[in-house]
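# Analysis of the macromolecular model
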Amino acid sequence: MTAAEPTRDAGSAPNDSAAEVDLSVVIPSYNTRELMEQALRTVDEASGGLRVQVIVVDNASRDGSQEMVEAGFPHVELIRNDRNLGFGGANNIAFGRVKGRHVLLLNSDTIVRADTLRTLVEFMDQHPEAGAAGCRILNPDGSLQLDCRRGFPTPSAAFYKLTGLSRLFPRSRRFGRYNLTYLDPEETSEVDALSGSCMIVRGRVLEEVGGFDEDYFMYGEDLDWCFRMGQAGWKIYYVPATQIIHFGGASGRAESMRIQFRKSSAMSTFVSKHMRDRYRFFPAWMLHAGILAYGLYSFLGPLARSLALPVLDGLLFLLSVRLALLVRYHADLLPLIAALERVCRGLGLDVNPTRWVAPPSYTDFQWLLVYLVPLAIWSACFFALGLYDRRRYSPAVAALAVALGFAAVVTTAFFFKDYSFSRLAAGAAWVCSTVLVAGWRLGARWLTRSTSGRRLGRRRLLMAGTDPAMREFVELVQARGGLDCQIVGFAGSSEERGRVVSGAPVLGVLEELSRLVKEYDVDEVLFSADTVTDGLGHVRGRWRRSPRRRLVPGRLGSLDLVPESVDDLPLVDIHSG
């Protein structure tokens, strides 16, 4: 069967009752309650004029996702799994219940535009040769997610991707094959594969091709599915006439190592399943080795960046200990001290300076403990006080962490008499560590003109938008005494400029966000679902520093919250793609 056969009917349904429903939306869920609520709300808003069935398949979430769906969206069909079946397994369960002429796969961490469902349904109805279609998928900052249209990982495409040639020459038809970067993102195109985060599939495809291959627990199953659709004669289309926002990885951000492993494993499965026979004379082990190398690079790169600050502080602490020992024992000054001793004796003074400066007669192993044990104690204090999280650039918190570490070191040394050497050395280490560890943060603050941690620790927040979700957020913060932030105002519409909304002034419009960030010395900019796409493009940050950008995911007033900090609220960090 070929894709051009006229016998394919765009309106054909997998069963008799399917004609009653235009579209079945299937959303797998795992611990994404706030984002899931936002996704369901936007799906409801985009369903006007269509007969839509919505199915949520929850993979044993522990964050109240199931209760939220039942209470807030009673029309949604909720399937409760007693364990995490992965992306493919969850969708396969829902496929047995779909009633629509078409099925839309949608991730729970997405925001659907008002015309998305209708645009995709109309495209499928007008293109009977299409087995699946996907729209433009954007990162929260408005940039295109490259995975929304892909080529299959052939040996050459994988090589260009792994070696970076695809990034150097994105417009090249040869080098840009993996992510199809040579295609115009504004034009409808036939592609090899789509992203499962938003993919509409004809109901008849489920009958002919079947569901997902559950050998892929997560990642790669959409690539495999599109490959099988192509083998069955169906065409795959990228349709940029509409778009969604995809936050990406929201259900597994804390499992980056596991995610990288799953991605590499999925690619290896795809290569073994579809590429081995296709490229018989190309050694498959080379592809597997390349996949492994790229997976290690993808994991180690972010890991190295996350370890940069702890490593810097650790080196500064070791330097502090070394300086403290020099201050106390003057090991490099013994010749000078011996000369001073002879002078004193010549003057008839009974002194013995060397008695004051002789270091303990430790073994090499004991000296190693002198350095490493305090380092471990101080590092634990740094992590415990959040010095590598939201307080990473706080000089005050750094000084407090050093002081607590000093107290812990002195207390520990009290129980090990063999290591209870000079209190002067310990005190000098405390002073040196405070100067170095807190000092570089103070210098960085001065250079970047950051206010985070100043004004009694209150961060300065600017609200991008005055919609109900943003006003409710401001009212919640004000009801809690401002928490640990200072809301400087809103960026709203031109008609609202100068007004006071929920107790805060409207300082300007969205197009002026960069100016407002600089003028009001803003540390964080908060967006809503209505403003995130248009507003992010106007936040370019200050010299050498960009403000933190976060999303307010829906209305917070309905949640039972007693926050002590803004960070206790379910805000979503926004990163560019």
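Just above, that's the structure.
Below is a short write-up of the structure. Sequence positions are assigned chain by chain, starting from 1 and proceeding in written order. Where totals are concerned, whole chains, interfaces and linings use all residues; where local detail is concerned, this predicted model gives features only for residues with pLDDT of at least 70, and gives and counts side-chain atom pairs only at 80 or more. Side-chain measures here rest on the full set of heavy atoms in the structure, leaving out hydrogens and waters.

It is worth spelling out the overall build of the chain at this point. For helices the rule is a DSSP run of H or I covering at least 4 residues; for strands it is a run of E covering at least 2, with both sets numbered from the N terminus onward. When you go through the chain residue by residue, the secondary structure sums to 19 helices and 18 strands. For the chain, with 577 residues in total, the buried portion stands at 51%. Roughly 27600 Å² of accessible area belongs to the chain as shown, and the carbon and sulfur atoms make up 57% of that amount. To sort residues, take the accessible area from a 1.4 Å probe on protein chains only and compare it with the maximum for the residue type: under 20% means buried, over 50% means exposed, and anything in between is partly exposed. The Shrake-Rupley method, run with a 1.4 Å probe sphere, supplies the accessible areas, and residue values consider only the shown protein chains as cover.

Right, let's get into helix α2 (residues 65-72). Listed as buried for α2 are Ser65, Gln66, Met68 and Val69. Each buried residue of α2 sits inside an arc of 165° when the element is viewed along its axis, so together they form one side. Our arc is simply the arc of the directions from the helix axis toward the C-beta atoms.

Below, the discussion takes up the pattern of salt bridges. One side-chain nitrogen of Lys or Arg within 4 Å of one carboxyl oxygen of Asp or Glu is enough to make a salt bridge. Within the structure shown, the criterion is met by 16 salt bridges. In this structure, the salt-bridge partner of Arg228 is Asp224, at a minimum N-O distance of 2.9 Å. Separated by 4 residues within a single helix, Arg228 and Asp224 lie in helix α8 (residues 221-231), roughly one turn from each other. The pair formed by Arg228 and Asp224 is uniform in burial state, with each residue classed as buried. For Arg548, the salt bridge is made with Asp573, and the minimal N-O distance between the two is 2.9 Å. Placement of the pair is Arg548 in strand β17 (residues 548-551) and Asp573 in strand β18 (residues 572-573), with a sequence separation of 25 residues. Residues joined in a network through salt bridges with shared partners are Asp22, Arg51, Arg101 and Asp125.

Moving on, we get to a nonpolar patch on the surface. Residues qualify for a patch when their relative accessible area is over 30% and they have no salt bridge, like charges being joined within 9 Å and the nonpolar side chains of Val, Leu, Ile, Met, Phe, Trp and Tyr within 5 Å. The grouping of Leu307, Val311 and Leu315 at the surface amounts to a nonpolar patch, some 270 Å² of accessible area in total. If you trace the backbone, Val311 turns up in helix α10 (residues 284-329). The partly exposed category is assigned to Val311, whose relative accessible area is 47%.

Let's shift gears to the packing of aromatic side chains. Classification of ring pairs uses Phe, Tyr and Trp, with its six-membered ring standing for Trp, and accepts pairs whose centres are within 6.5 Å; under 30 degrees between planes counts as stacked, over 60 as edge-to-face, and the remaining range as tilted. All chains considered together, the criterion is met by 8 aromatic pairs. Ring centres 5.6 Å apart and planes at 20° place the aromatic pair Phe95 and Trp225 in the stacked group. In this pair, Phe95 is assigned in helix α3 (residues 86-95) and Trp225 in helix α8, connecting sequence segments 130 residues apart. Of the two residues, Phe95 and Trp225, both sit in the buried class. Put simply, the rings of Phe87, Phe95, Phe212 and Trp225 touch in pairs and so form one group of aromatic residues. Against the face of Tyr238 rests Arg149, its NZ or CZ located 5.2 Å from the ring centre. Consider the ring centre and the ring normal. A charge sits over the ring if Lys NZ or Arg CZ is within 6 Å of that centre and within 35 degrees of that normal.

This part takes up the nonpolar core. Throughout, nonpolar core names a set of buried Ala, Val, Leu, Ile, Met, Phe, Trp, Tyr and Cys residues whose side chains join them through atoms within 4.5 Å. With 66 residues, the main nonpolar core has Leu40, Trp225 and Met229 as its most contacted residues. Any two residues whose heavy atoms approach within 4.5 Å are treated as being in contact. The contacts of Trp225, once residues within four sequence positions are left out, are Phe95, Leu105, Met199, Val201, Leu206, Val209, Gly210, Gly211 and Phe212. Formed by 23 residues, the second largest nonpolar core is a distinct cluster that contains Ile245, Leu462, Val488 and Leu516.

Here the focus is α3. Of all the 10 residues making up α3, 8 are buried; the element is thus mostly covered by neighbouring parts of the structure. For α3, the set of buried residues is Gly86, Phe87, Gly88, Gly89, Ala90, Asn91, Ala94 and Phe95. Buried-residue contacts for α3 involve β1 (21-29), β2 (52-58), β3 (77-80), β4 (100-106), α7 (203-209) and α8.

A few words now on the packing of helix α1 (residues 33-45) against α2. Here α1 crosses α2 at 30°, and the two axes come no closer than 9 Å. By the angle between their axes, α1 is roughly parallel relative to α2. Where α1 crosses over α2, the two elements pack in a sense that is right-handed. Of α2, the residues touching α1 (which contributes Arg33, Met36, Glu37 and Leu40) are Ser65, Met68 and Val69. Between N-to-C directions, angles span 0 to 180 degrees; the directions come from axes that are lines fitted to C-alpha atoms, helices contributing only their stretch in contact. For this classification, under 35 degrees means roughly parallel, over 145 means roughly antiparallel, 65 to 115 means roughly perpendicular, and everything else is oblique. Here a crossing is taken to be left-handed if its near helix is turned anticlockwise relative to the far helix by less than a right angle, and right-handed if that turn runs clockwise.

On to the sheet that holds β17, then. DSSP calls a pair of strands paired once it identifies at least 2 bridges connecting them. Overall, mixed pairing links the 7 strands, which are arranged β14-β15-β13-β12-β16-β17-β18 in an open sheet. Unpaired on one side and paired on the other, β14 (500-501) and β18 mark the two borders of the sheet. Here strand β12 (residues 459-464) runs beside strand β13 (residues 485-492); their pairing, made up of 6 bridges, is parallel. Looking at the pairing, Leu461 lines up with Ile487 of β13. Relative to β13, helix α17 (residues 468-479) is tilted by about 160°, and along the sheet it contacts β12, β13, β14, β15 (504-509) and β16 (524-527).

Interpretation note: all reported values are geometric properties and have no functional meaning in isolation.
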